[in-house]
Amino acid sequence: MTAESVQTAPRILIADDEPYNVIIISRILENAGYAVVGVESGEQAVQQAADNNIFVFILDINMHGLSGYETAAMLRQMEKTKHTPIIFISGQYTEQMHVEKGYETGAVDYIIKPINEKILLGKVNIFFDLYNINNQLLNEIQIRKNTAARLQQSKELLDEKVREQTLELRQRFKEIDCLYGISKINEKKDTNIEDVLLEIADLIPRGFRYSEITCANVSLWGCNHFSGNFAETKWRLSTELLVMGEVCGSITVYCKEDMPASFQGPFSKEEVALLAAIGESVCHIIEKRTYELQLRRLSQTTIKLLEEERRRVARDLHDSIGQLLATLRLEVAWMLKNPEAQNFKEDLNNFIRMTTCGNDDLKRICMGLRPASLDKAGLTAAIEELLGAYAESKRFAIKSDIDKINHYEVATEAAINIYRIIQESMNNIQKHAAASEVTVTVQQRPRDVDVTIKDNGKGFDIASLSANSLKLGLLGMKERTDLCKGMFEIASAPGKGTTVHFIIPNGVDT
């Protein structure tokens, strides 16, 4: 049986050239509930067999045209009916030899006319049961085939999913290995930023799916760092490097082989995320190295400034207190040798005047190191005392507008740095500006202190600031502002005077 035959109602085909016999047999079978196809020739039987689902053939042996034997032979040659049971009926060919011939041509049974109803139904029932059993077997076989096909399909889908997941895991491992490699590069000591970026550029392609045809360029502040076998193509993926709030470069990855026109691009969304993560790591590395470099430079500058301050204090002590003590020693020695001298009282008065001058010099030196008024009276009083000392020199007029700032309104570290920057600015004006007037404005705000120091002196070329900044003390002033996370700027031009403006957070939580 074929799968198609199972889908249509099974029938019994009766072929007999005697219409009466066809009618009689059909009624017997139809009364038993069977569907019947009746024909009157072997040719019609063959044609109906091709168009119907026949579960048993009942053929008369002695028919005009094709005999029952010939019809059976043709049915056995057809794929659809080669296994369908055939029952021969005959009223004439009842001898043993004819029965045997029927079996030889493919019959499975033989009925002698006149037809016995019970024998006919008994034989047909057996073949119908066999037909149903065979159909059940075919259905079971088909179900098993379908199940096997579904299992095979599921296995193929599972194998494909496993392959995809394996490739995905391998790619994730490559990405993790790339990021880990970048972190290890960052751990290297005493390596300049150019060498670090070059190593990173060589490492980046290894994290991408097509690493053998991928190359990279890490660009920082106009300098490019290329991976091996670098080549630019239209297939590119890029991310910006944002360092300290400013775009200072980029990382660009190229796929070096051309892709088909229908191809959307060689980079997956995971690789877009990978490049963004690489960019963040590189930004952290650059910021860390930049801070380390600035810290080293600040340390060097601090050491230089401390040494200069020590030399200044030593020079001041030598030139003022040292000279004064030497003079006093000589004066006291002379007085001891000449206790009866007529001008002894006048010498004592000179002695007192010199110690007074020495005391004033000592106060001046101590004020340069750390003004006592800063701790006792606060920032405003210390600034006013500082400006008063410069005003006494009468080298230039001073105009000031200073807010009243209490102790608790500005942290000690912030107050010291504000005082020192103003002090350094006034020193620069006194030494270099040749100014006749200076204006100092100190404005207190809720979170910071805003200071402006302006003079009408000779000014200087801003372009030469980097070369002369250390000499002018401007570098130290800026570094003090940076340490407080403040803002420092300077404006000047030859003949136009100089304006120093800085803002320092007060260091007090509000």
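Because the structure is a prediction, the values reported are computed rather than measured.

Colleague: Looking at this structure, I do not really get the packing of helix α11 (residues 379-392) against helix α12 (residues 412-433). What am I missing?
Modeller: Geometrically, a packed helix pair is captured by the angle between its two axes and the distance between the axes. Between α11 and α12, the shortest axis-to-axis distance is 10 Å and the interhelical angle comes to 10°. Of the possible angle classes, the one that applies to α11 and α12 is roughly parallel. Along this stretch, α11 crosses α12, giving a crossing that reads as right-handed. Residues L379, A382, I383, L386, L387 and Y390 of α11 touch α12, and the partners they reach there are A415, I418, Y419, I422, Q423, M426, N427 and Q430. When its residues are assigned to classes, the contact of α11 with α12 shows 11 nonpolar, three polar and no charged.

Colleague: Would you mind going over the pairing of strand β3 (residues 54-60) with me for this structure?
Modeller: The side chains of a regular strand alternate between both faces of the sheet. Counting buried positions along β3 yields seven of seven residues, so the element is predominantly enclosed. Pairing between strand β1 (residues 11-15) and β3: five bridges, direction parallel. Paired with R11 across the two strands is I54, which belongs to β3. Taken together, the four bridges between β3 and strand β4 (residues 86-90) define a ladder with parallel strand orientation. The residue bridging L59 from the neighbouring strand is F88, located in β4.

Colleague: Sorry, what's going on with the nonpolar core here?
Modeller: One broad trend across soluble globular proteins is that nonpolar side chains are buried collectively. In this structure, I418, I422, M426, V442, I453 and F502 are the most contacted members of the largest nonpolar core, which totals 35 residues. Breaking this core down by element, the ones donating at least two residues are α11, α12, β11 (437-444), β12 (448-455), α14 (474-483), β13 (487-492) and β14 (498-505). Of the residues forming this core, the biggest block, nine residues, is contributed by α12. Dropping the residues within four chain positions of it, F502 is found in contact with I418, I421, I422, V449, D450, V451, I453, T481, M487 and F488. Ranked by size, the runner-up nonpolar core spans 31 residues in total, among them V196, W235, I251 and C283.

Colleague: Would you mind going over the confidence of the model for the chain with me for this structure?
Modeller: Fine structural detail should not be taken from predicted coordinates in areas where pLDDT scores are low. With 78% of its residues at a pLDDT of 70 or more, the chain shows a mean pLDDT of 80. Of the regions scoring below 50 in pLDDT, residues 1-7 engages in 13 contacts with residues more than four places distant in sequence or in other chains.

Colleague: Mind showing me how you'd approach the pattern of salt bridges here?
Modeller: Once their charged atoms are close, side chains differing in charge can pair, the charge on each being opposite to the other. Applying the stated criterion across every chain yields a total of eight salt bridges. Among the ionic pairs, R445 bridges to D448, the shortest N-O distance being 2.8 Å. Here R445 falls in the partly exposed class, since its relative accessible area comes to 30%. Here the salt bridges share partners, and the residues they tie into one network are R445, D448 and D450.

Colleague: I would appreciate a short explanation of the packing of aromatic side chains in the present structure.
Modeller: When we look at a pair of aromatic rings, we describe it by the centre distance and by the angle of the planes. Scanning all chains against the criterion turns up nine aromatic pairs. Plain terms: the ring middles of Y34 and F128 are 5.3 Å apart, the flat faces sit at 80° to each other, and that makes the pair edge-to-face. With Y34 in the loop between α2 (19-31) and β2 (35-39) and F128 in helix α6 (residues 117-187), this residue pair connects regions lying 94 residues apart in the sequence. What makes F128 partly exposed here is its relative accessible area of 23%. These aromatic residues form a ring-pair network of at least three members: Y34, F55, F128 and Y131.

So, how was this worked out
Each residue is numbered by its place in its chain's sequence as written, counting from 1. Local features in this predicted model are restricted to residues of pLDDT 70 or higher, and side-chain atom pairs are both shown and tallied only at a pLDDT of 80 or more, whereas totals for entire chains, interfaces and linings draw on every residue. The basis for every side-chain value is the complete set of heavy atoms in the structure, and neither hydrogens nor water enter the calculation. The axes are straight lines fitted to the C-alpha atoms, using for helices just the contacting stretch, and the angles between their N-to-C directions are given from 0 to 180°. Working definition: helices are DSSP H or I runs of at least four residues, strands are E runs of at least two. Numbering for both runs from the N terminus. Should an angle fall under 35 degrees it is taken as roughly parallel, and over 145 as roughly antiparallel, whereas 65 to 115 is taken as roughly perpendicular and any remaining angle as oblique. Crossing handedness follows the turn of the near helix against the far one: under a right angle anticlockwise gives a left-handed crossing, and clockwise gives a right-handed one. Contact between two residues is taken to exist if any of their heavy atoms lie within 4.5 Å; hydrogens are not considered. Here the term charged refers only to Asp, Glu, Lys and Arg, the term nonpolar to Ala, Val, Leu, Ile, Met, Phe, Trp, Tyr, Cys and Pro, and the term polar to all other amino acids, Gly among them. Relative accessible area decides the class of each residue, using a 1.4 Å probe on protein chains only: under 20% of the type maximum gives buried, over 50% gives exposed, and in between gives partly exposed. DSSP calls a pair of strands paired once it identifies at least 2 bridges connecting them. Put simply, buried Ala, Val, Leu, Ile, Met, Phe, Trp, Tyr and Cys residues joined by side-chain atoms within 4.5 Å make one nonpolar core. pLDDT: the predictor's confidence for each residue, scored from 0 to 100. By salt bridge we mean one thing: a side-chain nitrogen of Lys or Arg within 4 Å of a carboxyl oxygen of Asp or Glu. In this scheme Phe, Tyr and Trp rings, the latter by its six-membered ring, pair at centre separations within 6.5 Å, and the angle between planes marks the pair as stacked below 30 degrees, edge-to-face above 60, and tilted otherwise.

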